[in-house]
Structure formats: C-alpha cells, structure tokens
Amino acid sequence: MWGSRRRRGNDSVDCIACGDTIRRTDAREYDKEGDRWDRKDKEFEHLCKACHNDLCHQPRAELEDLLVDIDAGALSETEFLARYSQAVEERYGSVDSEQ
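For clarity, every value in this text was computed on a predicted model and none was experimentally measured.

Draft legend 1. Molecular detail of the packing of aromatic side chains. Enumeration over the complete set of coordinates arrives at one aromatic pair. Residues Phe80 and Tyr84 carry aromatic rings whose centres are separated by 5.6 Å and whose planes lie at 25° to one another, so their mutual orientation is stacked. One end of the pair is Phe80 and the other is Tyr84, both in helix α3 (residues 77–92) and four residues apart, which spans about a single turn. For Phe80, a relative accessible area of 24% translates into the label partly exposed.

In structure tokens:
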C-alpha cells in the first residue's frame, strides 16, 4: 500500500564518524539522545558498521549536556581534556574522593 521503506528518501547516508558515504541499509542509526526506539520527531544521524562497532555501548546519561556545556566541538584536544576533567570533577566530585 505505502511501498517499501527502502524506497523512501535517500538511499545513501554519510557516516558521522569517518565521513564515508554508505547505503542506508548498511548503516546504523545513531541517536545522540541514546533512545533510538522513541522515533517521534527525530532525525537520526548514521554510522557505518565499522565505526558503530568501535563505539562504546555503555549508558551515557548526561554526557551530551556536559559536552555542550563545555563547548567541546570548538576546542583543541588539550583544551577539551582540561575542560572535560574540570566539568566532571565539578559535577561528580574528584576521582580520588570517597563516595
């Protein structure tokens, strides 16, 4: 009735990690909110299989907000590591402190 989902929209996507252009059917959806099952009003980014397999699949609650707060995308590696360490310590305490 509505046709195959494979025939809708673009047939290829760009991997957000390595930049390769791949067929959508060979890609993995990436949801920066960590909830790819809730699809309402979302636009997904995509990863190739190799980059998806390289990801850490552990929970990342609050990580996206922390990265936005420190303006991570605009920093050098040295600046990023300094700001990230400081922000984590401010939010969660020192790694050396007892819980």
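Now that the structure has been shown, we can carry on.
Draft legend 2. Examining the nonpolar core more closely. In terms of nonpolar packing, the biggest core is built from seven residues, these being Val13, Cys15, Ile22, Ala27, Leu47, Cys48 and Cys51. Residues in contact with Cys48, not counting those within four places in the same chain, are Cys15, Cys18 and Ile22.

Draft legend 3. Structural detail: α3. For α3, which comprises 16 residues, the first-to-last C-alpha distance of 22 Å matches the rise-based estimate of 22 Å (1.5 Å per residue) to within 8%. Two residues or fewer past α3, Gly93 is found with a positive phi of approximately 95°.

Draft legend 4. Structural context of the pattern of salt bridges. Tallied over the entire structure, the rule returns two salt bridges. Residues Arg23 and Asp26 are paired through a salt bridge, measuring 3.1 Å at the closest nitrogen-oxygen approach. For Arg23, a relative accessible area of 51% gives the class exposed. Residue Arg91 is joined to Asp69 by a salt bridge in which the shortest nitrogen-to-oxygen separation is 2.4 Å. Pair noted here: Arg91 is in helix α3 and Asp69 is in helix α2 (residues 63–69), with a separation of 22 residues, a long-range link. According to the relative accessible area criterion, Arg91 is partly exposed, its value standing at 37%.

Draft legend 5. A negative patch on the surface, seen in detail. Taken together, the side chains of Glu45, Glu62, Glu64 and Asp65 define an acidic patch exposed on the protein surface. Position of Glu64 among the secondary structure elements: in helix α2. Given the relative accessible area of 31%, Glu64 is considered partly exposed.

Draft legend 6. Here's a closer look at unusual backbone geometry. The phi dihedral of Asp41 falls on the positive side, at around 60°, and the residue is not glycine. Tracing the sequence through the fold places Asp41 in the loop between β3 (27–30) and β4 (45–48). Judged by relative accessible area, which is 76%, Asp41 ranks as exposed. One non-glycine residue, Asp71, lies in the positive phi region at around 60°. Looking at the element boundaries, Asp71 is found in the loop between α2 and α3. Accessibility expressed as a relative area gives 45% for Asp71, which makes it partly exposed.

Definitions and limits used
Residues numbered from 1 in each chain as written. Predicted model: local features only at pLDDT ≥ 70, side-chain atom pairs only at ≥ 80, totals over all residues. Heavy atoms only, no water. Phe/Tyr/Trp six-rings, centres within 6.5 Å; stacked < 30°, edge-to-face > 60°. Helix = DSSP H or I, 4+ residues; strand = E, 2+ residues; numbered from the N terminus. Buried < 20%, exposed > 50% of the residue type's maximum accessible area, 1.4 Å probe, protein only. Core = buried A, V, L, I, M, F, W, Y, C linked by side-chain atoms within 4.5 Å. Contact = heavy atoms within 4.5 Å. Expected span 1.5 Å × (residues − 1). Salt bridge = Lys/Arg side-chain N within 4 Å of Asp/Glu carboxyl O. Patch = residues over 30% accessible without salt bridge, like charges linked within 9 Å, V, L, I, M, F, W, Y side chains within 5 Å. Areas by Shrake-Rupley, 256 points an atom, 1.4 Å probe, with all protein chains shown as cover. Lys, Arg positive; Asp, Glu negative; His and termini not counted. Charge placed at Lys NZ, Arg CZ, Asp CG, Glu CD.

These values are about where atoms sit, not about what they do.
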